[in-house]
Amino acid sequence: MKIFRHYTNLPDACKGSVIVLGNFDGFHKGHQKVIAEGGRVARDMRTTLSVLTVEPHPRLFFNPEQPDFRLTSFRTKAHLMEQFGVDFLFTLPFDRDFSRILAQDFVTEILLKEIGALHVVVGYDYRFGAGRGGGAEVLSWLSEMEQFGLTIVERVMEGDHIYSSTNIRHSLREGQVRIVADRLGHWWHVEDHVRKGDQRGRTIGFPTANLSMEGYIKPKFGVYAVRMLIPGGGPGGREERILDGVANVGRRPTFNKKDVTLEVHLFDFEEDIYEMPVKVEFVEFIREERKFDGLEALKAQIAQDCDVARKLLAKPENQHDFIPPPRLEDYL
């Protein structure tokens, strides 16, 4: 997948594409359905599949002081789209000037003139342009005026459940990470480089790999059964090793800390992975974070948490491959 952070002077190879518009935070099953519809149209038209989004998220641009709410970092979203089968990802910078572009100008000047879109695909509730003035009705009118194809995908539901990033954020705040995985269609995970912490875990027999959760929505504070995927020795670091572990998300009240960290203890693992890019998949919630009276009480509880995590991670429905990465072929 080729990523473009601009829309001018593009190579001819990425023009004449089917363009899917949206933010796609979380890349849940509803998002996959919308992009898959673009893939179906692209296959029928024998052309490429593209996604156009913006960074930073408009909510964050207009209110930078709000708490972190994103389900996926840009890196994670890009990885998921590449695995899915997207050919080109346009990630346009959302700034003051971009926020003032009128909906009609966005379509005629950017989508059609610069990117050369042949067909546009959006979800039913997609909004765009200055003041969120554009939507499905504006696109319908413009598609007739400018003669480009348009597909509007209706609400995606399973039973009475609506797939939405808002609903999934709520579930994460409740610690319901297994439910979240089912609704995302992939394991919810955090990607970061392993950072050096205070190394206190080594002194009590439970060394941890520390990751920042900056920019990510914070799940319910507490202890989780997790997996860590680390680069292997294959060409380009593509092969990954999958290691089971237990993790704490929170402020570490036993040590009177205030910052939020993700600390992962891997079972039967002693290698140095500092500065290595890793993924941590959240599989099941074990218990809430709490303050202990001393190190011995903490060590005893961590040992119990490890036992619980091993049992949870051994269940067939909690295996890494039980929820494989979503792919376009699954929808066609």
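The paragraphs below set out a description of the structure included in this document. Since the structure is predicted, the reported quantities are computational estimates derived from the model, not experimental observations.

Reading the values: the criteria
Residues numbered from 1 in each chain as written. Predicted model: local features only at pLDDT ≥ 70, side-chain atom pairs only at ≥ 80, totals over all residues. Heavy atoms only, no water. Helix = DSSP H or I, 4+ residues; strand = E, 2+ residues; numbered from the N terminus. Buried < 20%, exposed > 50% of the residue type's maximum accessible area, 1.4 Å probe, protein only. Pairing = 2+ DSSP bridges. Axes fitted to C-alpha atoms, helices over the stretch in contact; angles between N-to-C directions. Contact = heavy atoms within 4.5 Å.

### Concerning unusual backbone geometry
Following Glu55, the chain continues into Pro56 via a peptide bond in cis, with omega recorded as -5 degrees. Position of Pro56 among the secondary structure elements: in the loop between strand E3 (49-55) and helix H2 (58-62). Phi at Asp268 is positive, roughly 55 degrees, even though this residue is not glycine. Note on placement: Asp268 falls in the loop between strand E13 (261-266) and strand E14 (277-288). Exposure remark for Asp268: the relative accessible area of 71% places this residue in the exposed category.

### Some details on the sheet that holds strand E10 (residues 209-211)
Two pairing modes exist for strands in a sheet, parallel and antiparallel, and in both the strands are linked by backbone hydrogen bonds. The strand order across the open sheet formed by six strands is E9-E14-E11-E12-E13-E10, and the pairing between neighbours is antiparallel. Lying at the two open borders of the sheet, with one neighbouring strand each, are strand E9 (189-193) and E10. On average, each strand axis in the sheet is tilted by 35 degrees relative to the strand beside it, whichever way the strands run. Alignment of E10 against E13, held across three bridges, turns out to be antiparallel. Considered in E13, the bridge of Asn210 is made with Glu263. Contacting strand E11 (222-231), strand E12 (240-250), E13 and E14, helix H10 (residues 295-313) crosses the sheet at an angle of about 105 degrees to E14.

### So, the sheet that holds strand E1 (residues 2-4)
Across the sheet, which stays open at both edges, the six strands sit in the order E1-E4-E3-E2-E5-E6 with parallel pairing between neighbours. Two strands close off the open sheet at either side, each with one partner strand: E1 and strand E6 (149-153). For this sheet, the mean inter-axis angle between neighbouring strands, taken without regard to orientation, is 20 degrees. Judged from the six bridges that link them, E3 and strand E4 (residues 88-93) form a sheet pairing that is parallel. Each residue of the ladder has a partner; that of Ser50, found in E4, is Phe88. Contacts between helix H5 (residues 103-114) and the sheet are confined to strand E2 (18-21), E3, E4 and strand E5 (119-123), with E2 contributing the most and set at about 135 degrees to the helix.

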